[in-house]
Amino acid sequence: MRPNIAIIGGGITGVMTALACARKGASVELYDAAAIPNTANLSWAHGRLWKHVHENNAALQPLAAHSLAFWRQLIDAGSETVGCQTQSIRVVDDADCRRLAQLYDALAIGYDIQDPVLSTQSSLLRMPSANRRLFVGHDAILLNAQKVYAHLCQALANTGSIVLKPHTRVDLGTIREGRHFSINGERKSYTAVICTASRPLTRHIDRSGIAPAPQYQVHLDVHLNDARACLLKPVLTMGDEQRSWCVPSPERRMLKVSASRFSYSMPPDSHDLQACKRYLLDRLRVKYDQVDVVVSPYFELPAQKRQGTAYWGRHDVTGCIAVEACDASIFKIAPALSEQISQHVIHGVNE
Ligand SMILES: Cc1cc2nc3c(=O)[nH]c(=O)nc-3n(C[C@H](O)[C@H](O)[C@H](O)COP(=O)(O)OP(=O)(O)OC[C@H]3O[C@@H](n4cnc5c(N)ncnc54)[C@H](O)[C@@H]3O)c2cc1C
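In this report, we go over the structure that sits alongside the text. (Residues numbered from 1 in each chain as written. Predicted model: local features only at pLDDT ≥ 70, side-chain atom pairs only at ≥ 80, totals over all residues. Heavy atoms only, no water.)

## Focus: the overall build of the chain
Then step 1. The number of helices and strands found in the chain is eight helices and 17 strands.
Then step 2. With respect to the three principal axes, the spread of C-alpha positions in the chain is 65 × 45 × 35 Å.
Then step 3. When each of the 351 residues of the chain is scored for burial, the buried share is 53%.
Then step 4. Considering only residue pairs separated by 6 or more positions, the chain has 74% of its internal contacts joining residues 24 or more positions apart.
Then step 5. Summing over all exposed atoms, the chain offers an accessible surface of approximately 16,100 Å²; the carbon and sulfur share of this is 49%.
Then step 6. The averaged location of the 32 negative side-chain charges in the chain is 2 Å from the averaged location of its 38 positive side-chain charges. (Helix = DSSP H or I, 4+ residues; strand = E, 2+ residues; numbered from the N terminus. Buried < 20%, exposed > 50% of the residue type's maximum accessible area, 1.4 Å probe, protein only. Contact = heavy atoms within 4.5 Å. Areas by Shrake-Rupley, 256 points an atom, 1.4 Å probe, with all protein chains shown as cover. Lys, Arg positive; Asp, Glu negative; His and termini not counted. Charge placed at Lys NZ, Arg CZ, Asp CG, Glu CD.)

## A closer look at the site of the ligand
Then step 1. Within the structure, the ligand sits among 31 residues, and Thr13, Asp32, Ser43, Val170 and Lys332 are positioned closest to it.
Then step 2. With respect to the ligand, the backbone of Leu49 contributes an N or O atom lying 2.9 Å from an oxygen atom.
Then step 3. Between the ligand and the protein, one listed contact pairs an oxygen atom with a backbone N or O atom of Phe331 at 3.4 Å.
Then step 4. Protein burial of the ligand: of its 1,000 Å² of free accessible surface, 93% is covered by the chains. (Near = heavy atom within 4 Å. Polar contact = N/O pair within 3.5 Å; in protein donor to acceptor, adjacent residues only side chain to side chain.)

## Points about the nonpolar core
Then step 1. Among the nonpolar cores identified, the biggest contains 48 residues, and Ile5, Val15, Trp71, Val148, Leu156, Ile194 and Tyr311 are the most heavily contacted of them.
Then step 2. For this core, the secondary structure elements donating two or more residues are strand E1 (4-8), helix H1 (12-23), strand E2 (27-31), helix H2 (60-77), strand E6 (133-143), helix H5 (145-157), strand E10 (192-195) and helix H8 (330-348).
Then step 3. Per-element accounting of this core gives the leading share, nine residues, to H8.
Then step 4. Judged by nonpolar contacts, the second largest core, of 26 residues, contains Val136, Val218, Leu224 and Leu284. (Core = buried A, V, L, I, M, F, W, Y, C linked by side-chain atoms within 4.5 Å.)

## Side note on the sheet that holds E1
Then step 1. What the six strands build is an open sheet, ordered E7-E2-E1-E10-E17-E16; its pairing is mixed. Every interior strand has two partners, whereas the edge strands, strand E7 (162-165) and strand E16 (313-314), have only one.
Then step 2. Bridge count for E10 against strand E17 (residues 321-322) is two bridges, and the pairing is parallel. Opposite Ile194, over in E17, you have Ile321 as the bridge partner. (Pairing = 2+ DSSP bridges.)

## A look at the side chain of Lys188
Then step 1. Mapped onto the secondary structure, Lys188 falls in strand E9 (residues 186-189).
Then step 2. Overall, the relative accessible area of 19% leaves Lys188 in the buried class.
Then step 3. The contact partners of Lys188, leaving out residues within four places of it in the chain, are Tyr31, Arg179, His180, Phe181 and Ile183.

## Some words on the packing of aromatic side chains
Then step 1. The final tally for this structure, using the stated rule, is nine aromatic pairs.
Then step 2. Between Tyr31 and Phe181, the aromatic rings sit 5.4 Å apart at their centres with planes inclined by 85°, giving edge-to-face as the arrangement. Separated by 150 residues along the polypeptide, Tyr31 in strand E2 and Phe181 in strand E8 (residues 180-183) bring together distant segments of the chain. Note on accessibility: Tyr31 and Phe181 belong to one class, buried.
Then step 3. Between Tyr111 and Phe135, the aromatic rings sit 5.1 Å apart at their centres with planes inclined by 20°, giving stacked as the arrangement. Here Tyr111 is found in strand E5 (residues 111-114), whereas its partner Phe135 is found in strand E6, with 24 residues between them in sequence.
Then step 4. The side chain of Arg283 reaches across the aromatic face of Tyr279, ending 4.3 Å from its centre. (Phe/Tyr/Trp six-rings, centres within 6.5 Å; stacked < 30°, edge-to-face > 60°. Lys NZ or Arg CZ within 6 Å of the ring centre and 35° of its normal.)

## Quick notes on the pattern of salt bridges
Then step 1. One pass over the full model with this rule turns up 10 salt bridges.
Then step 2. Among the ionic pairs, Asp221 bridges to Lys256, the shortest N-O distance being 2.7 Å. Linking Asp221 in strand E11 (residues 213-224) with Lys256 in strand E14 (residues 254-264), this pair joins segments that are 35 residues apart in sequence.
Then step 3. When its relative accessible area of 11% is taken as the criterion, Asp221 is described as buried.
Then step 4. When the shortest N-O distance is used, the salt bridge between Glu251 and Arg253 registers 3.9 Å.
Then step 5. The exposed category is assigned to Arg253, whose relative accessible area is 56%.
Then step 6. Residues joined in a network through salt bridges with shared partners are Arg23, Lys24 and Glu339. (Salt bridge = Lys/Arg side-chain N within 4 Å of Asp/Glu carboxyl O.)

Structure, rendered in structure tokens:
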């Protein structure tokens, strides 16, 4: 019998999982609380970074590697503005530089070590240079997330076996036995339910015994207006105390700039927002003509708990297959995640 799968959440993970399940012969109903594509979710962004080397999370490395073929194919088939190869830059001290060099050597990935003062990036960004090195990894791809996500949503519409259910919020607390849930009191039944709603399913602690906590990340979307902007590279850490980072869009019209320290456990107030904005704009030497201050709510596990955490699995309480957000990196690994989940659900469905 043809599997009938419900997917809750129409972000990049849900959309790619719907396409992967349909390719394997399932019929799919894809629910989102808003429109599909949802221009207010985390997948609707100007620039997102894929990189191979994840020094802080070993579980990400194989998922990123498995996703690479998909991103390369998409870039080769589309225009340059969908995505492009680039480098990943870190401003580090000598000890971190040596550690990174060992890691890149072990993975046989190329890198350069430069003097920050002599680098073009220093004319575009204000980065500390005393006792610092610029570690330039040859391992990154910039993706125009909006274009990628919109392109995949278009593919959904062209797939006969996928039914879209936009503007339909599913009460996640009603999911039972991994197969049923209710909408406005009406019980829906499927062969399997997959939840990619980018939030914890219940207030219960998860498989690892830790409840993902809501975080509010403050970042700036900077509209660039500088002929030199084409030289901007993604900088993973600018070497400052707040651990600032920036990711340009592939065509370098927009720059997302933020700092790891500008993540709050409560919604930041206007005073916090002004302080973040002032600090982050002070990092920029590149010219711009508009700045949007954005607060992105998201859920993630504390960094020290992320090591080795599976990105998806069967949820203890509801029994459904869930991607419970545990890392702000899901976009880059969505191709691998969707393939693993669809394999599991379709091939394990009648067991
Ligand atoms: C500041 C910032 C920078 C980032 N940078 C990067 C990066 O450079 N590279 C990278 O790979 N990742 C990055 N990420 C992370 C990445 O953008 C997200 O992890 C990814 O887009 C999440 O995709 P998703 O499909 O899981 O969730 P989302 O895109 O958030 O989609 C979830 C969907 O579920 C729907 N939904 C929620 N609840 C319900 C419900 N009850 N019923 C029905 N629908 C529901 C929502 O409406 C939403 O459309 C970044 C995140 C942030 C915040």
